[in-house]
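Structural overview
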Amino acid sequence: MISLFPPRLQGPASAVCLALLLTACATPTTYEKPATAVPAAFKESSLWKAARASAADVPDNWWELFKDPVLNDLQAGVKLGNENLKASAAQVQVARAALASARAGGSPVLGISGGITHGASSGSATPATANSLAASASWELDLWGRVATASSGAQARLEASSADLAAARLSLQGVLAQTYFALRSSEAQADLLERSVVAFQRSLELTNNRYSAGIVSAADVAQATTQLRSTQAQLIESKASRAQLEHAIATLLGKAPADFDLQRTALLPPVPGVPVQLPAQLLERRPDIAAASARVAAANAQAGVAQGAFFPAITLSGSAGFRGADLLNLISLPNLFWSLGPSLAMGLFDGGARQAGVDSAKAGVEQAAASYRQTVLGAFQEVEDNLVAAAALGEQIVLQADALKAAERSLDIANNQYQAGIVSYLNVVTAQATALSSERTMLDLRNRRLVATAQLLKNLGGRWEDARP
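Residues numbered from 1 in each chain as written. Predicted model: local features only at pLDDT ≥ 70, side-chain atom pairs only at ≥ 80, totals over all residues. Heavy atoms only, no water.

1. Details of the packing of helix α2 (residues 69-81) against helix α4 (residues 146-212)
α4 packs onto α2 with a crossing angle of 145 degrees between their chain directions and a minimal axis gap of 10 Å. α4 is crossed by α2, and the crossing has right-handed handedness. Between α2 and α4, the residues in contact are V70, L71, L74, Q75, V78 and K79 and R169, L172, Q173, L176, A177, Y180, F181 and R184, respectively. (Axes fitted to C-alpha atoms, helices over the stretch in contact; angles between N-to-C directions. Helix = DSSP H or I, 4+ residues; strand = E, 2+ residues; numbered from the N terminus. Left-handed = near helix turned anticlockwise from the far one by under 90°. Contact = heavy atoms within 4.5 Å.)

2. Quick look at the nonpolar core
With 78 residues, the main nonpolar core has W62, F66, L74, F181 and I249 as its most contacted residues. Those elements giving two or more residues to this core turn out to be α2, α3 (83-104), α4, α5 (218-252), α7 (287-308), α8 (353-419) and α9 (425-461). Ranked by residue count, the leading element in this core is α4, at 18 residues. Here F181 is in contact with F66, L71, L268, P269, N447, L450, V451 and A454, once residues within four sequence places are set aside. (Core = buried A, V, L, I, M, F, W, Y, C linked by side-chain atoms within 4.5 Å. Buried < 20%, exposed > 50% of the residue type's maximum accessible area, 1.4 Å probe, protein only.)

3. Regarding the side chain of D68
Note on placement: D68 falls in the loop between α1 (12-23) and α2. R184 provides the closest opposite charge to the buried, unpaired D68, separated from it by 5.2 Å. Contact partners of D68, with chain neighbours within four places excluded, come to Y180 and P269. (Lys, Arg positive; Asp, Glu negative; His and termini not counted. Salt bridge = Lys/Arg side-chain N within 4 Å of Asp/Glu carboxyl O.)

4. Brief notes about the pairing of strand β4 (residues 313-324)
By the bridge criterion, eleven bridges tie strand β3 (residues 128-141) to β4 in an arrangement that is antiparallel. Across the sheet, A135 pairs through a bridge with A320, a residue of β4. One ladder, built from ten bridges, connects β4 with strand β5 (residues 336-346); its direction is antiparallel. Bridging across to β5, L316 finds its partner in P342. (Pairing = 2+ DSSP bridges.)

5. Focus: the packing of aromatic side chains
Think of a pair of aromatic rings as described by two things: how far the centres are apart, and how the planes are tilted against each other in angle. One pass over the structure, following the stated rule, counts four aromatic pairs. With centroids separated by 5.0 Å and ring planes inclined at 55 degrees, the aromatic side chains of F66 and F181 adopt a geometry described as tilted. Of the two residues, F66 sits in the loop between α1 and α2 while F181 sits in helix α4, which places them 115 residues apart along the sequence. Look at F66 and you get buried, because its relative accessible area is 1%. The structure contains a cluster of three or more aromatic residues connected by ring pairs, namely F66, Y180 and F181. Cation over ring: R210 sits above Y418, and NZ or CZ is 4.7 Å from the ring centre. Lying over the aromatic face of F337, R323 brings its terminal NZ or CZ to 4.1 Å of the ring centre. (Phe/Tyr/Trp six-rings, centres within 6.5 Å; stacked < 30°, edge-to-face > 60°. Lys NZ or Arg CZ within 6 Å of the ring centre and 35° of its normal.)

Encoded structure:
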């Protein structure tokens, strides 16, 4: 960097005039959100039976639509205890401090100094003492908007971090709801298997009695035993799965599994109606989209900072103080000194480093814009996928309910025929297995529909709070 002011042009007026001439060369960048094609409506919205028209919006606390007090309490706990959320919150504070630092670049810098030096020249054997006390001030004029652009970039990064925090919170809320539904489903599965074990034990006792009476063969006893033991093994697996899911919920809440216990209910909540919003509303609410948009703004600001490196730095500086040999009389008019004036510094040749920085920053803008557009497309896909899944699972549940009724009727018929000696016990075992499988499938479908609905609510119900201080 070199100074462009020769000694005869040290006046403030000269510097200001030169600055005004150079200002005409400045080309500040302006941020525009990347254009995205937004459909008028979701493709699969016609498949979903929406909630009543008065429910115009999905609430921020979207899980409350399931009307499950336990889930509500758990969701409150995940905001307070989850360590990943605490890390994201700390990142927001880092970004906030970076913004304060960037804004400080536009403020004057004040300083004070003092010192005592002893020295002697080669022509004098007597050492000399110099005492000094001075204050200084400097201020870089932000004529090209370099400091303001850097502050805008820091502000955008703060907004991105805040949106990341909201997205992390929303994701954890979705995972918690999904895990909770899986836990209740495991409890319901265990209840079903426990009832089945009791029924199969009675069947085994009946078969043993019939075998003792010489009515059936040992093969029937073996089949009844196999059915009972297999169901008992499934029950153990279901209980283990429930315990693991409880451990997962404890971890989400920031607790050790040993310090957390969830009362067993085996009740799955009903599926709520979901107001289907317009795609444009999704862009306004999704925190991941807000974060991607803020990163485009930050990249655009970085490009502006890189372009600003081509313009000179103009600084107003001044200092005043006292300098003398006598420390006791240092602060006196004869020892007073002062200086005041502008300075201008500008790089003339750097081997293309500044241009490379501009090219890199512009490529960063393109990268951030592409990432933003992909995030929007991914958000649309998530909503469409869950609209299809929730609707399809609703239809499957209706059909599966009919299949379950048929399986239960078939089991009753098989039991009556076996007791009448018309069929072998193999028919009973087959009917039992079919009925048990049908009911377990029904529970699985209910759980999957709850999860799909929760994901849909999460995708529609996220909200990003503005991080501006």
